[in-house]
Amino acid sequence: MNVESQRVAYGEELAKLGEKYKDLVVLDADLSTSTHTYMFGNKYPDRFFNLGIDEQNMMGMAAGLALSGKLVFASTFAIFATGRAYDLVRQSIAYNRANVKIVVTHAGLTLGEDGATHQMLEDISLMCGLPGMTVIAPADAPETRRVIHAVTEMDGPCYVRLSREKVPSILEDRQFKIGKGIIVEDGADVSIFSTGITLNIALQAREELKKTGVSAAVLHMPTIKPIDKEMIITSAKKTGRVITVEEHSIYGGLGSRIAEVLGENYPARLQRIAVRDKFGESGKGWELLEKYGISSNEIVRHANEMMG
Amino acid sequence: MQKPTSKPTTHNALSATELKTLRLKANEIRRWVIEMVFSAKSGHIGGALSIADVLSVLYFKELNVDPKNPNWDGRDRLALSKGHASAAYYAALALRGFFPKEELLTFRKINSKLQGHAYKGVPGVDVSTGSLGQGICVSLGMALAAKMDGKKHRVYAIIGDGECDEGSVWEAALNAPFRKLDNLTVILDRNEFQNDGSMYNILDTGSMEDKFSSFGWNVISIDGHDMQQIVDAIEEAREAKSKPSVIVAHTIKGKGVSFMENNGSFHGKPPTEDEFEKAIAELDEARSKI
Ligand SMILES: Cc1ncc(C[n+]2csc(CCOP(=O)(O)OP(=O)(O)O)c2C)c(N)n1
Ligand SMILES: [Mg+2]
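> So what exactly am I meant to see when it comes to the overall build of chain A here?
Helix and strand content of chain A: 13 helices and 14 strands. Projecting the C-alpha coordinates of chain A onto the three principal axes gives extents of approximately 60 × 40 × 35 Å. Per-residue burial for chain A yields a buried fraction of 64% across its 308 residues. By sequence separation, contacts in chain A at least 24 residues apart represent 80% of the contacts at least 6 residues apart. Per element, the accessible surface of chain A, about 11400 Å² overall, is 49% carbon and sulfur.

This is how it looks when you write it as structure tokens:
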């Protein structure tokens, strides 16, 4: 299986889209060599603005450009887009329903060596809290390409969450539709829900569980808002046991959203795997996921416990 | 390239021995930066090398700190607002005796104290930083607290010039003169580079001297690699009454390793093995000539 970078896929796709959409404008805040928006900049220097290290101003300018008819992509690391610039995103972008696509990279622990100051684990929570904000975390590079196309076609603000590490191209030939989950593998005993790059980990756990006769379904939820309620309820009804896994805080991420859906519609046994009220630290990305319990071992352990 | 707009007056000339010590320490800091980033295969070299001379003067001449008692209440405080230059900061602290030098090679590795960006869990570090445009605000708070309590220590902040793109820097710049925080010295590392390269291709911020001056600061403009000028500036700032001081230190990003100087690609990229060896050889050669 190919192992590819979501960031490179993003940069390449933007550069392609520039051809078709003449009013596409891309903004960055002095991280374009890391987010890969520079690829668009090289091709369309007149529509690319590397604004400096001023994320708040970038979000405000993004809103202004969008309210003047431009199709705007604004990129930086997840931490700075949603942390530093939160109020600008809320007031100037979301409240105005400005057509701004906030595409961030380096989300979560797999950002690695830069450490806790840069490891954003609360962004899904922050962005889902904003009325009208669509929130998407693709699993791999091929899905990233489709997501970038899809958000270009939709009207209104959205948040797309990408990671730093290269990941296996699992969803090479799967469809993407905003608001729809993807049944990656079917199963009868337990439903494992994942978002973003942890899909890989969920699939490893499924293989492990198979060895001991446990049949796990793996469901990828690229869109966290609006969430695919129907798929969650259907799968919970089928397996009766639900596990969620994500590279995010336990508060307000995919696990929380699924807990809400189940709690209101079909209470079922649920175990959430996420970062439990901690800041991250420096280290290699995958090594950190292990240390913080975002691992196939943890999924397997919980699944076995649930099986009794 | 910008030049210093003036030159501070020398009141205390460094002796030949003092000058030699400061240069040797700066050289050691640089060497460790290269070792640490190479070992971690990750980290920020350029902006660490540009402040090595400033750190040498701070830790080996000017700062009133006690490595045996890092939390001593009377110590001078420092916020490395450009927290990505952590490698140079940790090296300076270890060389000053805050913790064993051997620990430096755990930099950026899992389970280490030496987090990627300046981290308060490291002895000698007063505040965690890394998200640009925050350390300077924290330094204002520390200076204000010292004023309120009638304490005599000074507060220092080291900020990047790219960092000055952040609005919060200017919120602090408005506040400090109004509150007459003359116990505060901000050192601005004016290397004219940021993450994506030269500021002239991203956001040309013009004269920092003029900007801070119009905001009401005592402005001192220096060559940030001239030990005597760094000493003069820090001492002049200490004498300033009723105004905070900013030292605009004109520096070279990557200073001390020829192929890293003014080279945007060494902002956040580790050296290859070949580059590593060349860099160490250059620094050792420079050391033998001090
Ligand atoms: C708020 C924020 N935005 C973006 C970054 C990513 N970043 C780290 S260093 C850097 C460039 C800093 O430039 P400068 O302040 O001039 O530092 P130096 O040249 O001394 O390395 C950027 C954009 C960050 N750490 N914090
Ligand atoms: Mg700089």
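> Help me understand the domain arrangement of chain A, please; the structure alone is not making it clear to me.
For interface size, the figure often reported is the accessible area lost on association. Residue and element names in this part refer to chain A. Here chain A is partitioned into domain 1 (3-168) and domain 2 (182-307). Taken residue by residue, the interface counts 34 residues in domain 1 and 34 residues in domain 2. Summing both sides of the interface, domain 1 and domain 2 together bury roughly 2400 Å²; the carbon and sulfur share of this comes to 60%. Summed over the shared surface of domain 1 and domain 2, the result is one salt bridge. The closest approach of N and O atoms between Glu 113 and Lys 284, which form a salt bridge, is 3.8 Å. Across the domain 1-domain 2 interface, the total number found is 18 residue pairs in polar contact (both at pLDDT 80 or more). Where the side of domain 1 that touches domain 2 is concerned, the elements lending two or more residues are helix H7 (123-128), strand E6 (134-136) and strand E8 (166-168).

> What am I meant to see in the pattern of salt bridges here?
Oppositely charged side chains are able to pair whenever their charged atoms sit close together. One pass over the structure, following the stated rule, counts 34 salt bridges over all chains. One salt bridge in this structure joins Asp126(B) and Arg75(B), with 2.8 Å as the shortest N-O distance. Of this pair, Asp126(B) sits in the loop between helix H4 (86-95) and helix H5 (135-148) while Arg75(B) sits in the loop between helix H3 (52-62) and strand E1 (77-80), placing them 51 residues apart in sequence. In this structure Arg75(B) comes out as buried when scored by relative accessible area, which is 12%. When salt bridges with common partners are traced through the structure, they connect Glu4(A), Glu12(A), Glu13(A), Lys16(A) and Arg145(A) into a single cluster.

> Would you mind showing me how to read the coordination of the magnesium ion (ligand 2) here?
By definition of the ideal shapes, a tetrahedral metal site with four donors has angles of 109.5 degrees and an octahedral site with six donors has angles of 90 or 180 degrees. Residue and element names in this part refer to chain B. At 2.1 to 2.2 Å from the magnesium ion (ligand 2) lie its protein donor atoms, namely Asp 161 (OD), Asn 191 (OD1) and Phe 193 (O). Written as a sequence motif, the donor residues of the magnesium ion (ligand 2) are D-x29-N-x1-F. With Asp 161 in the loop between strand E2 (155-160) and helix H6 (167-178) and Phe 193 in strand E4 (residues 193-194), this pair connects stretches of sequence that are 32 residues apart. Each member of the pair, Asp 161 as well as Phe 193, carries the same accessibility label: buried.

> How should the packing of aromatic side chains be read in this particular structure?
Centre-to-centre distance and the angle between the planes together describe a pair of aromatic rings. Summed over the entire model, instances satisfying the criterion amount to ten aromatic pairs over all chains. Look at Phe77(A) and Phe80(A): their rings are 6.1 Å apart centre to centre, the planes differ by 15 degrees, and that puts the pair in the stacked class. Given a relative accessible area of 6%, Phe77(A) falls into the buried group. Measuring from ring centre to ring centre gives 6.0 Å for Phe259(B) and Phe266(B), while their planes differ by 70 degrees; the resulting arrangement is edge-to-face. Joined through ring pairs, the aromatic side chains of Trp170(B), Phe212(B), Phe215(B) and Trp217(B) make up one cluster. The side chain of Arg47(A) reaches across the aromatic face of Tyr44(A), ending 4.4 Å from its centre.

> How do you make sense of the interface of chain B and chain A when you look at a structure like this?
Facing the 26 residues of chain B at the interface are 26 residues of chain A. Taken together, both faces of the contact between chain B and chain A bury some 2000 Å²; the carbon and sulfur share is 41%. It is Ile110(B), Glu166(B) and Asp196(B) that lose the most area in chain B upon contact with chain A, and together they represent 29% of the buried surface on that side. There are two salt bridges connecting chain B and chain A. Applying the counting criterion to the chain B and chain A interface returns 18 residue pairs in polar contact (both at pLDDT 80 or more). Of the residues belonging to the side of chain B that touches chain A, the class tally is five nonpolar, 15 polar and six charged.

> Quick question: what am I supposed to make of helix H9 (residues 273-288) of chain B here?
The α-helix advances 3.6 residues per turn, and as a result positions three or four apart in sequence lie on the same side. Residue and element names in this part refer to chain B. Along its 16 residues, H9 runs 23 Å from first to last C-alpha, staying within 8% of the 22 Å computed at 1.5 Å per residue. Of all the positions in H9, only Glu 275, Phe 276, Ala 279, Ile 280 and Leu 283 are classed as buried. Viewed end-on, H9 has its buried residues packed into an arc of 130 degrees, placing them on one side of the element. Residues of H9 that are exposed and point more than 90 degrees away from the buried face comprise Glu 273 and Ser 288. On its buried face, H9 sits against helix H1 (16-40).

> Explanation requested: the sheet that holds strand E6 (residues 218-223) of chain B in the structure shown.
In a beta sheet, neighbouring strands pair by backbone hydrogen bonds and run either parallel or antiparallel. All names here are of chain B. Pairing in this open sheet of five strands is parallel, and the strands run E1-E2-E3-E7-E6 from one edge to the other. Of all strands in the sheet, those bounded by a partner on one side alone are E1 and E6. For this sheet, the mean inter-axis angle between neighbouring strands, taken without regard to orientation, is 20 degrees. Across six bridges, E6 lies against strand E7 (residues 245-250) in parallel orientation. Note on E7: the bridge partner recorded for Ser 221 is Val 248. Sitting on the sheet, H3 is in contact with E1, E2 and strand E3 (184-190), with an inclination near 170 degrees to E2.

> Help me out: how do you make sense of the site of ligand 1 in this one?
Near ligand 1 lie 24 residues; those nearest to it are Glu55(A), Lys82(B), Asp161(B), Gly162(B) and Lys253(B). Here a nitrogen atom of ligand 1 sits 3.4 Å away from a polar atom, N or O, in the side chain of His118(A). Between ligand 1 and Asp161(B) there is a distance of 2.7 Å, counted from an oxygen atom to a side-chain nitrogen or oxygen. Considering ligand 1 on its own, with 600 Å² of exposed area, one finds that the protein chains cover 99% of that surface. For the shell around ligand 1, a count of residues per class yields five nonpolar, eleven polar and eight charged.

> Teacher, can you tell me more about the side chain of Asp165(B) here?
Turning to its location among the elements, Asp165(B) is positioned in the loop between E2 and H6. Of the buried charged residues, Asp165(B) lacks a salt bridge, with Arg190(B) as the closest side chain of opposite charge at 7.1 Å. A distance of 2.9 Å separates a polar atom in the side chain of Asp165(B) from the backbone nitrogen of Ile53(A).

> For this particular structure, what's the right way to read the sheet that holds strand E12 (residues 223-225) of chain A?
Residue and element names in this part refer to chain A. Read from one edge of the open sheet, seven strands run E3-E2-E4-E5-E7-E6-E12, paired in mixed fashion. Whereas interior strands pair on both sides, the edge strands pair on one side only; in this sheet they are strand E3 (48-50) and E12. Across this sheet, the average inter-strand angle for adjacent strands is 20 degrees, counted without regard to direction. Bridge count for E6 against strand E7 (residues 158-161) is three bridges, and the pairing is parallel. The residue bridging Thr 134 from the neighbouring strand is Cys 158, located in E7. Relative to the sheet, helix H8 (residues 141-153) contacts strand E4 (71-77), strand E5 (100-105), E6 and E7, its axis offset from that of E4 by approximately 135 degrees.

Rules behind the numbers
Throughout, residues of each chain are indexed from 1 in the direction in which the sequence is written. Each chain gets a letter, beginning with A, and each ligand a number, beginning with 1, in the order they are written. Where totals are concerned, whole chains, interfaces and linings use all residues; where local detail is concerned, this predicted model gives features only for residues with pLDDT of at least 70, and gives and counts side-chain atom pairs only at 80 or more. Side-chain metrics rest on all non-hydrogen atoms present in the structure, leaving aside hydrogens and water. What counts as a helix is a DSSP run of H or I of at least four residues, what counts as a strand is a run of E of at least two, and both are numbered from the N terminus. Throughout, exposure labels follow a simple rule: accessible area from a 1.4 Å probe, protein chains only, divided by the maximum for the residue type, with under 20% read as buried, over 50% as exposed, and the rest as partly exposed. We call two residues in contact whenever any of their non-hydrogen atoms come within 4.5 Å of each other. Values of accessible area rely on a 1.4 Å probe in the Shrake-Rupley scheme; residue burial ignores everything except the protein chains shown. The split of the chain into domains comes from an automatic or database domain assignment. A 1.4 Å probe defines the accessible area here, and the buried area is the portion of it lost by two parts on being joined, summed over both. Salt bridge, as applied in this entry: a Lys or Arg side-chain nitrogen positioned within 4 Å of an Asp or Glu carboxyl oxygen. Distance and chemistry together define a polar contact, namely a pair of N or O atoms within 3.5 Å, with one atom able to donate a hydrogen and the other to accept it when in protein, and with adjacent residues in sequence counting only for side-chain atoms on both sides. Listed donors are limited to N, O and S atoms within 2.8 Å of the metal, widened to 3.2 Å for Na, K and Ca; water is not among them, so incomplete-looking sites are possible. Pairs were defined over the aromatic rings of Phe, Tyr and Trp, the Trp ring being its six-membered one, requiring ring centres within 6.5 Å. Orientation was assigned from the angle between planes: stacked under 30 degrees, edge-to-face over 60, tilted for the rest. Only Lys NZ and Arg CZ are tested; either one counts as a charge over a ring when it is within 6 Å of the ring centre and within 35 degrees of the ring normal. We call Asp, Glu, Lys and Arg charged. Ala, Val, Leu, Ile, Met, Phe, Trp, Tyr, Cys and Pro are nonpolar, and the rest, Gly among them, are polar. One less than the number of residues in a helix, times 1.5 Å, gives the span that helix is expected to have. Taken from the helix axis, the directions to the C-beta atoms give the arc we talk about. Pairing between strands is defined by DSSP: at least two bridges between the two strands are required. Whenever a helix is involved, its axis is fitted only over the stretch in contact; in every case the axis is a line through C-alpha atoms, and angles between N-to-C directions fall within 0 to 180 degrees. By convention in this text, a residue qualifies as near a molecule or strand provided that one of its non-hydrogen atoms is within 4 Å of it. Counted as positive: Lys and Arg. Counted as negative: Asp and Glu. His and the chain ends are not counted at all.

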